[in-house]
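Geometric and topological summary
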Amino acid sequence: MAIPVDNGLHATIVALSSAPGRAGVALIRVSGPHVRFVLETMAGGVPVPRQATLRRLSDAAGETIDRALILYFPTPHSFTGEDVAEFHVHGARAVVARLLEALTGSPGLRLAEPGEFTRRAFEAGKLDLAAVEGLADLIDSETEWQRRQALRQMEGALGQVTEGWRGRLIEAMALLAAELDFSDEGDVDGPLVERARAIALEVLAELRQALGSFARGERIRDGFVVVLAGPPNAGKSSLLNALARRDVAIVSPIAGTTRDAIEVRLDLDGMPVTLIDTAGLRESEDMIEAEGVRRALALAARADLVLRIRSVDAAQDPFLGTDNTLAVASKSDLPVPSLPGEIAVSAETGAGLAELLSAITTRLADGPQGEPALLTRQRHRVAVAEAIEALARAARPGLLEAELMAEDLRQAVVALERLIGRIGVEDVLDQLFAGFCIGK
Ligand code: GDP
């Protein structure tokens with residue numbers, strides 16, 4: 001059967017979709033017009049759609065590569081919208097290498113670029129842009145909160161809500177158009193203009209609420225930032241190591257060894273937290289350390305929570321304010337009592353660490369609650385802020401011109417269309433898919 005060979009956009013693509021390396025099972029995915037041909041020549045025929053079938057896979061010379069469970073998803077009911085086949089083979093490097101070699105040796109088949117399966121799914125209209133972002137976040141999710149948020153977005157939560165807003169604004173624009181067509185004067189707000197304004201106000205309120213969830217959505221995606229701050233030798237590095245249960249920061253009895261910020265990512269009951277150790281916060285003649293101090297203060301200023309640490313046998317750091325902080329007395333194994341309001345911990349004995357972790361979780365979870373966040377990326381925030389600005393103009397009292405209001409509504413609609421990738425999508429896509437792994 002002759003299918004024109006095309007190695008470009010419409011080539012049949014092949015990739016290992018499971019993680020590389022030795023495993024029980026590996027998944028190789030093929031998508032494009034040559035899938036049926038591949039199944040006929042390598043798997044002894046095209047199996048019943050969507051039904052796992054055990055087959056012998058062989059190369060062009062007829063040599064068996066592996067026995068595999070194969071699945072066939074005919075177009076258009078597949079992830080990419082094209083014909084798709086999945087080969088579940090034994091997860092040996094040699095099997096995967098041999099199968100990929102055999103597949104890419106067939107005319108019209110080539111290895112997929114990073115994110116190319118998902119790009120095809122997007123282009124086939126299977127996912128909107130926000131859902132693609134959700135899928136990327138799901139694949140990257142490390143903690144329970146991240147998984148939940150990403151899954152919701154992948155399932156289209158933001159896309160659906162945005163479509164709703166867009167639809168209502170278009171309805172409002174239609175009302176304005178009717179008003180413009182039918183009114184003789186045009187300088188008096190008729191009932192249709194009032195209805196349009198009411199719709200704009202409703203959508204505006206919902207957009208503002210969604211924007212309010214952004215800080216939380218972004219934090220869940222990127223991690224809450226917790227900074228360990230305090231004078232040199234307060235025991236910050238030791239505490240970071242104890243909390244992370246591995247040696248990440250250099251612990252040394254010489255003051256000022258931690259010159260730069262050191263980060264660890266923690267999963268605190270599903271909450272993603274980036275814990276940052278800072279250089280000792282003190283004035284210094286030493287230029288490198290002075291830069292470290294500057295960075296430490298800057299980090300503390302934009303942290304979600306600062307652990308203000310002092311050694312039980314030393315004074316508190318004078319530099320830090322008390323907003324957003326938890327007071328921690330370290331080295332509680334020393335025979336000196338901690339002060340009221342401090343959480344006493346010892347990196348040496350592990351005393352107080354569990355209390356400290358639970359205090360951190362409680363403080364961070366205390367932030368804006370309620371509805372899970374719809375907006376999780378700067379891109380979302382920018383688009384929604386733009387729509388809000390346009391709607392605030394459209395809905396301002398005393399705006400008499402239906403035409404002006406229609407233009408503001410149109411700008412809000414454009415911002416929402418950018419949000420879900422109906423327009424202006426190319427730059428976002430290139431950046432997004434570059435971050436995907438091959439096989440996704
Ligand atoms: P940093 O400069 O704040 O990062 O402090 P370090 O973590 O480097 O610790 C400074 C010194 O305090 C080192 O000599 C540590 O061994 C010591 N130290 C740290 N944590 C504890 C602790 O829990 N108990 C005791 N007794 N000493 C500690």
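You'll find the structure just up there.
Description of the structure in this document. The structure presented is a predicted model; accordingly, all values stated were derived computationally and were not measured. (Residues numbered from 1 in each chain as written. Predicted model: local features only at pLDDT ≥ 70, side-chain atom pairs only at ≥ 80, totals over all residues. Heavy atoms only, no water.)

1. So, the sheet that holds strand 9 (residues 271-277)
Stated precisely, the cut-off is as follows: A pair of strands is considered paired only if DSSP assigns at least 2 bridges between the two. Under the DSSP-based scheme used, a helix requires at least four consecutive residues in state H or I and a strand at least two consecutive residues in state E, with every element numbered from the N terminus. Here a residue-residue contact requires only that any non-hydrogen atoms of the pair lie within 4.5 Å. For helices, the axis comes from a line fit to the C-alpha atoms of the stretch in contact; other axes are also lines fit to C-alpha atoms, and the angle between any two N-to-C directions lies between 0 and 180 degrees.
The strand order 8-9-7-10-11-12 describes an open sheet built from six strands, whose pairing is mixed. The sheet is open, and its two edges are formed by strand 8 (262-268) and strand 12 (343-344), each paired on a single side. Each of strand 7 (224-229), strand 8 and strand 9 is contacted by helix 8 (residues 214-222), which is oriented at about 75° to strand 9, the strand it contacts most.

2. Quick word on the pairing of strand 2 (residues 25-31)
Which entries qualify depends on this criterion: Classification of residues uses two cut-offs on accessible area relative to the type maximum, computed with a 1.4 Å probe and protein chains only: under 20% is buried, over 50% is exposed, and between them is partly exposed.
With six of seven residues buried, strand 2 is to be regarded as a mostly interior element. Judged from the four bridges that link them, strand 1 (residues 12-16) and strand 2 form a sheet pairing that is antiparallel. What sits directly across from Ile-13, in strand 2, is Ser-31. Here strand 2 runs beside strand 5 (residues 84-90); their pairing, made up of seven bridges, is antiparallel. Residue pairing across strands places Ile-28 opposite Phe-87, the latter belonging to strand 5.

3. Side note on the side chain of Glu-342
The condition that has to hold: By the criterion applied in these results, polar contacts are pairs of N or O atoms within 3.5 Å in which, for protein atoms, one can donate a hydrogen and the other can accept it, and in which residues neighboring in sequence qualify only through two side-chain atoms.
Inspection of the secondary structure assignment puts Glu-342 in the loop between strand 11 (325-330) and strand 12. A relative accessible area of 14% means that Glu-342 is categorised as buried. In this structure the side chain of Glu-342 is engaged in a polar contact, spanning 2.6 Å, whose partner is the side chain of Arg-310. Setting aside its immediate chain neighbours within four residues, Glu-342 contacts Arg-310, Ala-327 and Ala-329.

4. Observations concerning the pattern of salt bridges
Note the cut-off: The salt bridge criterion pairs a side-chain nitrogen of Lys or Arg with a carboxyl oxygen of Asp or Glu, the two atoms within 4 Å.
Evaluated as defined, the whole model comprises 24 salt bridges. Across the salt bridge formed by Arg-98 and Asp-59, the nearest N and O atoms sit 2.4 Å from each other. With Arg-98 in helix 2 (residues 93-104) and Asp-59 in the loop between strand 3 (53-58) and strand 4 (64-73), the pair connects residues that are 39 residues apart, well separated along the chain. Residue classification places Arg-98 among the partly exposed residues on the basis of a relative accessible area of 27%. When its relative accessible area of 10% is taken as the criterion, Asp-59 is described as buried. Close ionic contact of Arg-265 with Glu-142 constitutes a salt bridge, the shortest N to O distance being 3.2 Å. Taken together, the positions of Arg-265 in strand 8 and Glu-142 in the loop between helix 4 (129-140) and helix 5 (144-154) put the pair 123 residues apart, joining distant regions of the chain. Each of Glu-82, Arg-110, Glu-116 and Arg-120 takes part in a single network of salt bridges with overlapping partners.

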